[in-house]
Amino acid sequence: QRLVAALLDRFRGARGTQLLQSRGSLVIRRLCALLGAAKVFSTVSTLLVREDDLPFASTMVQALNLILLTAPELKQPRDMLKMVYNVLHPHLSPQDGSLESHASQQDHPEELFESLYRSF
C-alpha cells in the first residue's frame with residue numbers, strides 16, 4: 001500500500017499531472033503486471049476513497065477507468081467485473097449468473113467490484 005500511495009503522490013500537482021498523462025498508463029500497467037491488477041486497483045481505490053483533494057481523485061479515477069477499459073493485460077479484472085455485473089443483472093445476461101460457478105477461476109470478484117465502486 002505504501003508503494004501505491006507513493007505513486008499517487010508522484011501524480012499530484014502540475015508535474016504529476018503531466019507525468020500521469022505521459023507515462024501514467026505505462027507505470028500503472030507495469031505495476032499491475034508485477035503485483036496483480038485486482039490488488040493494484042483495489043489499493044488505489046481504497047486510497048482514493050480517503051482522498052481530500054477531489055479534483056485529484058477525479059483525475060485519477062478518469063485515468064484508471066481508461067486504463068481498465070483499454071489495457072489488454074487488464075482483461076482478467078474486466079472479466080471479473082463483468083461477472084459481478086452479470087450476477088447483479090442476470091436478466092441482461094444470457095450467461096450463468098452465479099459467482100459460485102466461477103469461483104475456481106477468479107478470486108473474489110465481488111470484493112474487487114465493491115472496492116472500485118466506492119471510489120469510482
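Description of the structure in this document. These figures come from a predicted structure and were not determined experimentally.

**Quick notes on the overall build of the protein**
Stage number 1. Summing up its helical and strand segments, the protein has six helices and zero strands in all.
Stage number 2. For the protein, the N- to C-terminal ordering of α and β elements is α-α-α-α-α-α.
Stage number 3. Classification of the 120 residues of the protein by burial places 37% in the buried group.
Stage number 4. Summarising the internal contacts of the protein: among those between residues at least 6 apart in sequence, 63% fall at separations of at least 24.

**Quick notes on the pattern of salt bridges**
Stage number 1. The full count for this structure, using the stated rule, is four salt bridges.
Stage number 2. Aspartate 79 is the salt-bridge partner of lysine 75, the closest N and O atoms lying 2.7 Å from each other. Residue lysine 75 and its partner aspartate 79 are located together in helix α5 (residues 75-88), separated by four residues, close to a single helical turn.
Stage number 3. A relative accessible area of 45% places lysine 75 in the partly exposed class.
Stage number 4. Residues participating in the shared-partner salt-bridge network are Asp9, Arg12 and Glu51.

**A look at helix α2 (residues 13-35)**
Stage number 1. Taking 1.5 Å of rise per residue, 23 residues should cover 33 Å, yet α2 covers just 26 Å from first to last C-alpha, more than 12% shy of that figure.
Stage number 2. At arginine 23, α2 shows its maximal kink, close to 70°.
Stage number 3. Those residues of α2 that fall on the buried side of the exposure criterion are Gly16, Leu20, Gly24, Ile28, Leu31 and Cys32.
Stage number 4. Lining the buried residues of α2 we find α1 (2-10), α3 (37-49) and α4 (54-70).
Stage number 5. Backbone geometry just after α2 places glycine 36 at a positive phi near 105°.

**Some points on the packing of aromatic side chains**
Stage number 1. Under the definition given, this model contains zero aromatic pairs.
Stage number 2. When the ring centre of phenylalanine 56 is taken as reference, the NZ or CZ atom of arginine 12 above it lies at 4.3 Å.

**Details of α1**
Stage number 1. Taken residue by residue, α1 has Val4, Leu7 and Leu8 as its buried positions. Buried residues in α1, looked at end-on, bunch into an arc of 100°, giving them a common side. Seen from the buried face of α1, the exposed residues on the opposite side, beyond 90 degrees, are Arg2, Leu3 and Arg10.
Stage number 2. In this fold, the buried residues of α1 make contact with α2, α3 and α4.

**Some details on the nonpolar core**
Stage number 1. Core analysis: the biggest nonpolar cluster contains 27 residues, and Ile28, Phe41, Leu48, Met60 and Leu74 have the highest contact counts within it.
Stage number 2. For this core, the secondary structure elements donating two or more residues are α1, α2, α3, α4 and α5.

**A few points about the packing of α3 against α4**
Stage number 1. Following both chains from N to C, one finds α3 and α4 inclined at 160°, their axes separated by 11 Å at the closest point. Put simply, α3 runs roughly antiparallel to α4. Here the hand of the crossing between α3 and α4 comes out left-handed. Residues Phe41, Val44 and Leu48 of α3 pack against Phe56, Ala57, Met60, Val61, Leu64, Ile67 and Leu68 of α4.
Stage number 2. Among the residues making up the contact of α3 with α4, the classes are represented as 10 nonpolar, no polar and no charged.

Definitions and limits used
- Residues numbered from 1 in each chain as written.
- Predicted model: local features only at pLDDT ≥ 70, side-chain atom pairs only at ≥ 80, totals over all residues.
- Heavy atoms only, no water.
- Helix = DSSP H or I, 4+ residues; strand = E, 2+ residues; numbered from the N terminus.
- Buried < 20%, exposed > 50% of the residue type's maximum accessible area, 1.4 Å probe, protein only.
- Contact = heavy atoms within 4.5 Å.
- Salt bridge = Lys/Arg side-chain N within 4 Å of Asp/Glu carboxyl O.
- Expected span 1.5 Å × (residues − 1).
- Bend = angle between axes of the 7 residues up to and from the residue.
- Phe/Tyr/Trp six-rings, centres within 6.5 Å; stacked < 30°, edge-to-face > 60°.
- Lys NZ or Arg CZ within 6 Å of the ring centre and 35° of its normal.
- Arc of directions from axis to C-beta.
- Core = buried A, V, L, I, M, F, W, Y, C linked by side-chain atoms within 4.5 Å.
- Axes fitted to C-alpha atoms, helices over the stretch in contact; angles between N-to-C directions.
- Parallel < 35°, antiparallel > 145°, perpendicular 65-115°, else oblique.
- Left-handed = near helix turned anticlockwise from the far one by under 90°.
- Nonpolar A, V, L, I, M, F, W, Y, C, P; charged D, E, K, R; others polar.

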